[in-house]
Amino acid sequence: MRLSLRFVLPLLLVLAGIAYAVAPLVDQLTLRWFVRDLEIRAELIANTIREPLQEQLAAGKKAKVEDFFNHLTQDERVYAVGYCAAPAGTVLASRWLPAQISCANLDQWEGPGDHLLPIAQGPLHVAVKPMVSEATPAGRLIVVHDMSFVNRRSEETKRYLFYAFLGLAAVVSLITVVVAQLSWRGWMAGMRSLLRGEGLLRQPALDAPPDLPGFKPIARDLQRLIHELEAETRARDESQITWTPEALRTILHGELRGEDVIVVANREPYIHQRRGERIEVQRPASGLVTALEPIMRACSGTWIAHGSGSADREVVDKNDCVKVPPDNPAYQIRRVWLTAEEEAGYYYGFANEGLWPLCHIAHVRPIFRSSDWAQYVAVNRKFAKAVVSEAKTKNPIVLVQDYHFALLPKMIRDELPDATIITFWHIPWPNPESFAICPWREEILAGMLGSSIMGFHTQFHCNNFVDTVDRFLEARVDRASFNVSFGGKPTAVRHYPISIAWPPDASLMEKSVPECRSSIRQMNDLPPEHKFGIGVDRLDYTKGILERFRAIERLLELNPDWVGRFTFVQIAAPTRSGIEEYQHHESQVRAMATRINGRFSRHGPPPIILKIEHHESSQVYEYFRAADLCFVSSLHDGMNLVAKEFVAARDDERGVLILSEFTGAARELPEALIVNPYDADQCAAALHLALTMSATEQRDRMRLMRGLVAEYNVFRWAGRMLLDAAAKRRRSWLADKPEIPTV
Ligand code: F6P
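Here the structure is a predicted model, which means the values were calculated and not measured.

Details of the site of the ligand
In the region of the ligand, 14 residues are neighbours, and S286, G287, Y347, D402 and R576 sit closest. Take Y347: an N or O atom from its side chain is 2.4 Å from an oxygen atom of the ligand. Contact between the ligand and R576: an oxygen atom at 2.9 Å from a side-chain N or O atom of the residue. Alone, the ligand offers 380 Å² of accessible surface; in the complex the protein occludes 90% of this. Elements supplying a minimum of two residues to the shell around the ligand: α6 (287–299) and α8 (340–359).

Structure follows, in structure tokens:
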């Protein structure tokens, strides 16, 4: 209000000043108009009375003439009338003819000019008109008009003018105040939104004026502009962010305003196992857990997972929750219990005998059973219920992980339509022809499209997914923006290359590289200068362990000098051992290692040391730090975090990474020796090259790879998804506004 007054008062003063300056002009103007009117009036009177006046003059009736003139002055404006026969004569006049007028001085009232005569009662106008006849060729009529009415009119005009300006000032002030108030509120709301990091048009102020259809196209253009600005700002900001747990927390609390995060993943990050009297906490061998656990430590929230440990039920509270990590709780695990039938059908069956081989092109036939599908649907529904019960708001942020939960996004969406659901598919997505063999392909795609954002490791997998949707669903696919709209719900398809925490946990790097080299060699009965390579995987047929062994065999065939001087340690964590294909794979791996060792163990240590057992991260890092090379030979892998962990472990900038071209990691780490695992000769050559590579070249390659893993760490992976989720939330608020009417 004070602001409005500060604006209105000067405005009123300015308008008053204008009125004051204009008033004299009004006086002059009205006077000129009236003088002209009176001249015309006098002319009219002269013409009208000419004949009767001359008759009376000719008859010599002076008294009659004066009566006639008096009669004329009854008109309220005619003040006096007079007649002069000659300049030297006396004036014949009505009453009131001013004494200043005489026949001798009539010249001054003729011709151009205002002809005003001021007297005490007000100004008079004097007009002199010729009134000639044969007898009086110099006769002149004098008509005097009272001009006081002009003054009255002028005063009135000025008064009207004053009121008009006053009214105008009031109207202008009112409009100005209203517009100023509205713009101020809009501006303040916009500023507040901007300070909160939102777009200007996020939400209308509650007291904002109703939407005007005419302004909608402008609003739409503005929205588009803001989106572009936001994208630019984000790109610029992202490049400036140092991706740490702290940065992630800031995004969560700032961009998403402190929302809790709910993660849903089949595998739990901490498994409680009963070992006799004791309960042991185990960390599973899982890239997913490696990536997500630091995120949950940073963000807190709830991780919903299958409670698979033998002592899991013993440690949970009444809501089936347990706080973790056990030594320093930062978030909670909500455990979902599955029956043996559910686990068999959903996990071993549909997920790992069906979808797993379907998505990995590893030449193992997928098996699809309708009984497995039924369990898969039922377990997805069970997890959807758990999500709904854990959600503290109606629009939580839910991070759905992996191929175990393809149906979950839609199930959550049905219950919580406003949830922001980010689904990440940790394994590859095949081309439409390969995917077509799944009997429930439409249901799976529809389930996934319940997500707000559908994430893959690489753009290649995004392309395959969008092609598959386009082939099998009635969906609108925008290939320019990689957005899919199915059933009126939009899903953004994006690639987010997963990674590991950086820097790695200090406890993993405590032991120096020379210490690791010597302890690992001692532990495996290898001489101090013995060359050794490392492989760390789940014992899974997609990891290309058989192909790796074949490459080692080929190296020894082609370069027999390495026999007895080089050993490859393969750590293989048992996995999915309930599945026949995995049992078969394990026996194949064991057999091949035995065969190759039998062939090349005559002189010294064996070429392959196979360790099929679970190893803790600290032990794995010790191997990484001790090794001359690390060999990752996956036949198909979404990302493969072992490659990145090896790079992270080598703060001495030594060691060589040999990496399959069929991993997502190969796209990010081109300084590795990139190989085709199916080509044994090429892999053998890479092994030889790695074993003979100079320290300088090792350092140059390792330094570049470490730089990339440091920059593109797992906090960036999660941060980018959360930033996109925040932007999507803002957009959906805008999209909820009424449609622009068509004209
Ligand atoms: O790579 C796919 C994946 O599900 C990962 O996400 C996870 O790290 C790994 O497999 C572990 O598999 P499982 O939980 O079946 O042992």
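That shown, we press on.
Concerning the state of the cysteines
Using the criterion set out here, one finds 1 disulfide in the structure. Disulfide partner of C84: C103, at an S-S distance of 1.9 Å. Its S-S torsion of approximately -85° makes the covalent link between C84 and C103 left-handed. With a gap of 19 residues between them, C84 in strand β1 (residues 78–84) and C103 in the loop between β2 (92–93) and β3 (116–119) connect regions that are remote in the sequence. Residue classification places C84 among the buried residues on the basis of a relative accessible area of 2%.

Regarding the side chain of R706
Tracing the backbone shows R706 in helix α21 (residues 695–711). One buried charged side chain, R706, makes no salt bridge at all; its nearest oppositely charged neighbour is E653, positioned 5.2 Å away. In this structure R706 touches W502, V647, A648, A649, R650, D651 and E653, once residues within four positions along its chain are discounted.

Let's talk about the sheet that holds strand β4 (residues 122–130)
Across the sheet, which stays open at both edges, the 5 strands sit in the order β2-β1-β5-β4-β3 with antiparallel pairing between neighbours. Two strands close off the open sheet at either side, each with one partner strand: β2 and β3. With 6 bridges connecting them, β1 and strand β5 (residues 140–146) associate as antiparallel partners. Within the sheet, the bridge partner assigned to Y83 lies in β5 and is L141.

Let's talk about helix α14 (residues 513–523)
Regarding α14, the residues found buried are V513, C516, S519, I520 and R521. The inward-facing, buried residues of α14 contact β18 (531–538) and α17 (617–626). Just downstream of α14, D525 is the residue with a positive phi angle, here 55°.

Quick look at the nonpolar core
Within the largest apolar cluster, 80 residues are counted, with the highest numbers of intra-cluster contacts made by W303, F532, I534, F624, L657, L659 and W717. Ranked by residue count, the leading element in this core is helix α22 (residues 714–735), at 9 residues. When we break this core down by domain, the ones giving at least three residues each are domain 2 (261–495) and domain 3 (510–712). The contacts of I534, once residues within four sequence positions are left out, are F568, V569, I571, Y623, F624, A627, L629, C630 and F631. Counting residues in hydrophobic clusters, the runner-up holds 60 residues, among them W373, A406, W425 and F456.

Considerations on the confidence of the model for the protein chain
Per-residue confidence for the protein chain gives a mean pLDDT of 88; residues scoring 70 or more make up 87%. Every residue in residues 192–215 is under pLDDT 50, and counting partners more than four places away or in other chains gives 30 contacts.

Quick notes on unusual backbone geometry
Cis peptide bonds are those with omega within 30 degrees of zero, and the linkage from V324 to P325 qualifies with -10°. Checked against the element boundaries, P325 lands in the loop between β10 (321–324) and β11 (331–336). Phi at N640 takes a positive value of approximately 80°, unusual for a residue other than glycine. If you trace the backbone, N640 turns up in the loop between β21 (629–632) and α18 (641–649).

Regarding the sheet that holds strand β22 (residues 656–660)
Spatial strand order, β20-β19-β18-β21-β22-β23: 6 strands in an open sheet with parallel pairing. Of all the strands in the sheet, just β20 (608–611) and β23 (673–675) have a single pairing partner and so form its edges. Averaged over neighbouring strand pairs, the angle between their axes works out to 20° when direction is ignored. Against the sheet, α17 contacts β18, β19 (566–573), β20 and β21, and its axis sits at roughly 145° relative to β18.

Rules used throughout
- Residues numbered from 1 in each chain as written.
- Predicted model: local features only at pLDDT ≥ 70, side-chain atom pairs only at ≥ 80, totals over all residues.
- Heavy atoms only, no water.
- Near = heavy atom within 4 Å.
- Polar contact = N/O pair within 3.5 Å; in protein donor to acceptor, adjacent residues only side chain to side chain.
- Areas by Shrake-Rupley, 256 points an atom, 1.4 Å probe, with all protein chains shown as cover.
- Helix = DSSP H or I, 4+ residues; strand = E, 2+ residues; numbered from the N terminus.
- Disulfide = S-S within 2.5 Å.
- Buried < 20%, exposed > 50% of the residue type's maximum accessible area, 1.4 Å probe, protein only.
- Lys, Arg positive; Asp, Glu negative; His and termini not counted.
- Salt bridge = Lys/Arg side-chain N within 4 Å of Asp/Glu carboxyl O.
- Contact = heavy atoms within 4.5 Å.
- Pairing = 2+ DSSP bridges.
- Core = buried A, V, L, I, M, F, W, Y, C linked by side-chain atoms within 4.5 Å.
- Domains from an automatic or database assignment.
- pLDDT = per-residue confidence, 0-100.
- Axes fitted to C-alpha atoms, helices over the stretch in contact; angles between N-to-C directions.

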